[in-house]
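# Residue-level structure breakdown
Now for the letters of each chain:
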Amino acid sequence: MAPSTTRSSLPAIFQGASSSSASSYSHDTGMEPGEQQEETPRPTTASPFKRSRNGSSSMPWRSRPKSLVLGEHDLPRQFGDLAIEEGHDVNNDAPKSADSIKGRIRRASLSLKGIVRRDRRGSESAVNSNEVRPTTSHSAWHRLRQAASFRHPRTSYGYPSNLETIYSPVEAEFPRYPVPGNGLAPPIIPRHTGAAAKAAAALQNEYLNTAQYYEGMGSLSESQNDRESGIGITLASTSQIDVPMEQGASMVRKDFVAELPVEIAVQILSHLDAGQLSTAARVSKLWYGLVQDQHIWRQSFLREKTYTYATSRRCQPGIGRGVPSIRPGNDWQKIYRAREELDKRWKIGRQARAVFLNGHVDSVYCQQFDESKIITGSRDKTIRIWDMLSLECRLVIGPPGVVNDTSLLFDPTGQPTHYALFPDNQLINPSVPVTVSFPMHHNASILCLQYDDDILVTGSSDSTCIVYSVRSGYRPFRRLQHHTAAVLDLAFDDKHIVTCSKDCSICVWDRATGALIKQLNGHTGPVNAVQLRGNTLVSCSGDFTVKLWNIDSGKVIREFTGHTRGLACSQFSEDGRYVASAGSDKVIRIWDANTGECLREIQAHESLVRSLHIDSVSGRLISGSYDTDIKVFDMDTGEQQLDFPGWHASWVLSAKSDYRRIVSTGQDAKILIMDFGAGVPEIQMLLSARKNGALDICNAGFI
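Residues numbered from 1 in each chain as written. Predicted model: local features only at pLDDT ≥ 70, side-chain atom pairs only at ≥ 80, totals over all residues. Heavy atoms only, no water.

### Some details on the overall build of the protein
Each helix and strand counted, the protein has 13 helices and 31 strands in total. The buried share of the protein, taken over its 703 residues, is 47%. In the protein, 54% of the contacts between residues at least 6 apart in sequence involve partners at least 24 apart. Carbon and sulfur atoms make up 50% of the accessible area of the protein, which totals about 36,100 Å². (Helix = DSSP H or I, 4+ residues; strand = E, 2+ residues; numbered from the N terminus. Buried < 20%, exposed > 50% of the residue type's maximum accessible area, 1.4 Å probe, protein only. Contact = heavy atoms within 4.5 Å. Areas by Shrake-Rupley, 256 points an atom, 1.4 Å probe, with all protein chains shown as cover.)

### Regarding helix H8 (residues 262-269)
Those residues of H8 lying buried are Ala265, Val266 and Leu269. Relative to the axis of H8, the buried residues are bounded by an arc of 100 degrees and lie together on one face. Next to the buried residues of H8 lie helix H7 (256-259), helix H9 (274-280), helix H10 (285-291) and helix H11 (294-304). (Arc of directions from axis to C-beta.)

### A short note on the confidence of the model for the protein
A low pLDDT means the predicted coordinates there should not be read in detail. In this model, the protein carries a mean pLDDT of 78, and residues with pLDDT of at least 70 account for 65%. The low-confidence segment residues 1-98 (pLDDT under 50) makes 122 contacts with residues lying over four places distant or belonging to another chain. In the predicted structure, residues 116-138 sits below a pLDDT of 50 and forms 36 contacts with residues beyond four places in sequence or in another chain. (pLDDT = per-residue confidence, 0-100.)

### Quick notes on the sheet that holds strand E8 (residues 434-436)
The sheet built from five strands is open, its strands ordered E2-E3-E4-E5-E8 with mixed pairing. The sheet is open, and its two borders are formed by strand E2 (364-369) and E8, each paired with just one other strand. Averaged over neighbouring strand pairs, the angle between their axes works out to 15 degrees when direction is ignored. Sheet topology note: the strand E3 (residues 373-378)/strand E4 (residues 383-387) ladder contains five bridges and is antiparallel. What sits directly across from Gly377, in E4, is Ile383. (Pairing = 2+ DSSP bridges. Axes fitted to C-alpha atoms, helices over the stretch in contact; angles between N-to-C directions.)

### Re unusual backbone geometry
A positive phi angle, near 65 degrees, is found at Tyr474, a position not held by glycine. Inspection of the secondary structure puts Tyr474 in the loop between strand E11 (464-469) and strand E12 (475-481). Taking the relative accessible area as the measure of exposure, Tyr474 reaches 0% and is therefore buried. Although it is not a glycine, Cys504 adopts a positive phi angle of roughly 75 degrees. When you line up the elements, Cys504 lands in the loop between strand E14 (496-501) and strand E15 (505-510).

### A short note on helix H12 (residues 332-348)
Between the first and last C-alpha of H12 there are 24 Å, a value that for 17 residues agrees with the 24 Å anticipated at 1.5 Å per step. The first or second residue beyond H12 is Gly349, which carries a positive phi of 80 degrees. (Expected span 1.5 Å × (residues − 1).)

### With respect to a nonpolar patch on the surface
There is a patch of nonpolar side chains on the surface, built from Phe256, Ile264 and Ile268 and spanning about 260 Å² of accessible area. Here Ile268 is to be found in helix H8. Ile268 gets classed as partly exposed once you look at its relative accessible area, which sits at 37%. (Patch = residues over 30% accessible without salt bridge, like charges linked within 9 Å, V, L, I, M, F, W, Y side chains within 5 Å. Salt bridge = Lys/Arg side-chain N within 4 Å of Asp/Glu carboxyl O.)

Right, here's the structure in full:
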């Protein structure tokens, strides 16, 4: 069909049909019947769709019936003789019968199109949002119609139609056009138009705006990048951002550990804690094998279990604080597991095994212990050394009149007087210790003591102190004598020995020579406790005050006031940041040593607080009171963590702790050990490799 023939024939067909056409198209355009519209120029091609090979053209129709229902046998009869042969031209001079046939074809085609549209409008999407919007020179209304139309209309029988969609140029003559969105603005759609058309236009505009945005970003980044680096790379589309994975979709999994050298994989895994390592061991056989490496568990243990609350550095291995010496044969996985279980028991507080050590015959005023031994001092004038592991008493040091008495070792029935006793009265490990008396000894109560690897120093009611050599079997070699009353407490470091007395004074001694360096006077009551950190000394007194001293100058640096009654005990944290004090007012106070500020007041006990101990590693504060209770507080918060009421039959005179145990002594002459590590598998692996000091007496010549 020649183009000129087609263009000349179209106006002739539509002459005199404008009113009926407008009426029939009012449903799609929103125009009311009879509404006038001025004509607009239209492109020479009536439809954006391509013509078919046979040159057939979609033709307009004059009058659209309100309802067209075709019977089951009407369509074959109407379409049977209406085929247009390929290559035939449309003749403007065709007879009226031909026009009638063509009109019927047009009416049938549009009716079928309307039927199919009504049937499928609610079930099919108006437009595929993933398709690129077609490029066309036609008006926005044509593009909208194209996006909302069905590409393959079907007949009422369900088979594809042989007729193309008829595209009418009359549609372009209506004045109310949809306006495409400008930038991010939504499109303007005339009223009474189809919902599918509105949705299609909105989706198409949104898609185009997004595509243009990322296209512009891509071009900008390309102009600013060197094309070799990864700087400035943007995503190609929004579909790559936060897209949920479809169910059943395959995920690419790659074991990065298997691709790495073993040494690097071990270094990576060593940054995990015990729980994470246990999870990693279940990933695969390869991971399980790597997790068994001792280097991984050693590094994890040293990182997670050596932190401290108030020390100058992390806990060092092999010094008796629950961190064993680094030896080739260590099973660090078992060590970690044992320490984890031990820490858990401290939090629960109900799985500690209690055992009493019996042997002293009067109040036990003082004690100190480590992993291998306990050393106690008593009102019975003796110093006794106990084996921590076997719970046996190994050595008794005292005046000749005391240690030579057979009742010291055996009761009237001939049974040993030294033994361990469980709370259910089960007696275990009776022992007969070595007894020894030296020419240099105390003739009164042993009120205080302290030891390290080299020396043991004791203070007594006889107003003197005695220094013993630990390495030579606790032989005394020096007496310190200057106080005029009972020595109530003492402390020492590598340079000094500091003692305090009921005479209200503090004496500073040279450790190496035993010479008195200076005497500190400032308290107006008995000085009941002292603690030494470097050249700084803290003391507390019955005069209600806590004082901080500089040993070099002998001057008071700071005074802590706030207690309302006399003080019985004070402690200094290892890093020198905190001071704890308590006494007759039943209140524990924690002070900032640098500012003098009272950080916490703890209403701790119902009677005088006789003993305090700061565990600078764990941050636990242990207190013992005349109310027979032993309590554990958190230094950081002041909250009570554990309470052991009534374990002693009378006053608690001393209470201390380490990473595993609480050891206390009282007026009832008993030594109480609360062992949180009893029964923990492989707990012995936490022991350091230090020599067992309690066994040194075997080489001292006493046996």
